[in-house]
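Descriptive analysis of the structure
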Amino acid sequence: MIGFEYYNPAKIIFGEGSESKLVNLLSDLKTTSLLLVYSGDFIKTLGIYDVITDAVETLGIRFSENGNVVPNPSIELVRELVEQGKKDKVDLVLAVGGGSSIDTAKAVALGIPYEGDVWDFFDKGVIPEKVINVGVIATTASSGSETSNAAILSYGQWKKGFEDDRIIPKFAIMNPKYTVNLPSYQTSVGIADVLAHLLERYFSDEKNSDTTDYLIEGAIRALTVNAERLIRDPSNINARAEVQWLASVAHNNFLDAGRTADWGSHRIEHELSAQYNITHGEGMAVVMVAWVRYMAKVKPWRPALLASRVYGADPYDYSEEDRALILSEKLEDFFRKLGVRTRLSQLGITDEDFEVMANRATANGTVGHYVPLDSQKIIEILNLAL
């Protein structure tokens with residue numbers, strides 16, 4: 001086990017009726033001007049909008065809103081919201097929705113107190129001197145951004161991330177009932193995203209990490225069981241609750257303790273979603289299946305271990321390479337059960353842009369830690385994903 005520091009100050013309010021705590025949360029943070037960011041009218045259908053407007057009215061908080069967030073959020077909207085936030089002297093950005101709304105809110109919170117262009121944080125690695133507060137009301141179970149220190153933004157065909165503990169939301173309200181009426185596709189790609197976060201952390205080259213090994217394996221088992229329950233009965237509120245909590249567990253960095261996660265697959269997927277605007281969770285399903293298949297030939301020990309411990313591939317009957325290939329098959333079968341596509345060809349993507357994406361992904365050097373990937377290795381993985 002390698003040394004580590006762990007810090008996560010996000011206050012989590014989980015369960016039915018958790019939104020009723022919003023007044024107290026805003027009051028505790030001494031909020032005076034709130035900017036609400038979301039996507040579409042679903043927050044009014046769910047009754048969340050009324051909860052928010054009642055809270056700001058009760059506390060006398062200045063209120064502004066923008067409902068134009070889109071998947072794979074772009075810098076253009078963030079810049080617009082930063083200007084609005086500066087004008088309104090916003091001191092808390094409240095995101096309602098999933099990863100796109102939350103990442104937008106985090107970026108806006110970086111940009112409001114900053115004199116330069118907010119893209120500097122993502123492109124130049126500028127360290128913020130100040131970040132305003134972020135709060136979340138989560139309505140999906142996917143990205144885990146509600147308790148993470150990361151945000152992802154797109155700028156044209158560039159998709160980049162920024163990490164800093166100061167953008168961890170101050171609070172996250174998580175009421176599983178808000179996820180019940182999600183379209184089945186959104187539920188499925190969310191589950192795929194959660195699994196991808198668990199797998200990225202599991203695929204570490206650290207051999208002495210029993211505690212987090214077993215925690216991640218248990219989380220994968222729990223996710224699989226509850227995903228299957230939701231396939232049978234999408235209204236199962238207990239399964240919804242389990243998956244929503246797993247989304248946060250998978251990405252609040254606790255499972256990084258004592259190990260170095262990989263993240264190579266995410267870097268490949270970011271190029272795919274930047275190039276083709278595909279849904280991140282579905283892109284991760286495609287890439288993860290191919291990545292494991294590639295590692296079966298190159299460095300199979302970690303995928304083989306997971307295949308044995310979670311999927312029952314007997315090490316006496318199968319070699320490490322065979323077990324890694326079995327894992328790839330098991331993952332693909334699971335994603336297919338969810339109704340998620342697992343091949344680039346199913347998404348209408350050919351090898352035309354592979355070199356462009358691979359070069360862009362490695363512009364600052366190799367990506368991934370389990371096996372560092374250069375542009376040629378990324379192209380090989382993308383070919384396996386066709």
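To be clear, the structure that these remarks concern was listed above.
As a starting point, this report considers the structure included with it.

Reading the values: rules and limits
- Residues numbered from 1 in each chain as written.
- Predicted model: local features only at pLDDT ≥ 70, side-chain atom pairs only at ≥ 80, totals over all residues.
- Heavy atoms only, no water.
- Helix = DSSP H or I, 4+ residues; strand = E, 2+ residues; numbered from the N terminus.
- Expected span 1.5 Å × (residues − 1).
- Buried < 20%, exposed > 50% of the residue type's maximum accessible area, 1.4 Å probe, protein only.
- Contact = heavy atoms within 4.5 Å.
- Axes fitted to C-alpha atoms, helices over the stretch in contact; angles between N-to-C directions.
- Parallel < 35°, antiparallel > 145°, perpendicular 65-115°, else oblique.
- Left-handed = near helix turned anticlockwise from the far one by under 90°.
- Salt bridge = Lys/Arg side-chain N within 4 Å of Asp/Glu carboxyl O.

Right, let's get into helix H5 (residues 99-111). Look at H5: 18 Å from first C-alpha to last across 13 residues, which is about the 18 Å you get at 1.5 Å a residue. Of all the 13 residues making up H5, twelve are buried; the element is thus mostly covered by neighbouring parts of the structure. Considered for burial, the residues of H5 that qualify are Gly99, Ser101, Ile102, Asp103, Thr104, Ala105, Lys106, Ala107, Val108, Ala109, Leu110 and Gly111.

Let us look at the environment of Gly258. Summarising the element assignment, Gly258 is placed in the loop between helix H9 (237-249) and helix H10 (264-276). On the basis of relative accessibility, which here comes to 0%, the residue Gly258 falls in the buried class. Counting along the chain gives 51 residues from Gly258 to Lys207, while the straight-line C-alpha distance between them is 10 Å. Not counting residues within four places of it along the chain, the set of residues in contact with Gly258 comprises Met1, Ile2, Phe4, Glu206 and Ser209.

We now examine the packing of helix H7 (residues 184-202) against helix H11 (residues 280-298). Between H7 and H11, the shortest axis-to-axis distance is 7 Å and the interhelical angle comes to 50 degrees. Considered as vectors, H7 and H11 are oriented oblique to each other. Along this stretch, H7 crosses H11, giving a crossing that reads as left-handed. Between H7 and H11, the contacting residues are Tyr185, Val189, Ala192, Asp193, Ala196, Leu199 and Glu200 on the first element and His280, Gly281, Glu282, Met284 and Met288 on the second.

Should their charged atoms come close, side chains of opposite charge can pair. A full pass over the atoms with the stated rule returns 18 salt bridges. Its salt-bridge partner being Lys297, residue Glu321 comes within 2.8 Å of it at the nearest N-O pair. Taken together, the residues Glu321 in helix H13 (residues 320-338) and Lys297 in helix H11 connect sequence positions 24 residues apart. Judged by relative accessible area, Lys297 falls into the exposed class, the value being 61%. For Glu332, the salt bridge goes to Arg343, with nearest N and O atoms at 2.9 Å. Residue Glu332 is located in helix H13, and its partner Arg343 is located in the loop between H13 and helix H14 (354-361); the two are separated by eleven residues in the primary sequence.

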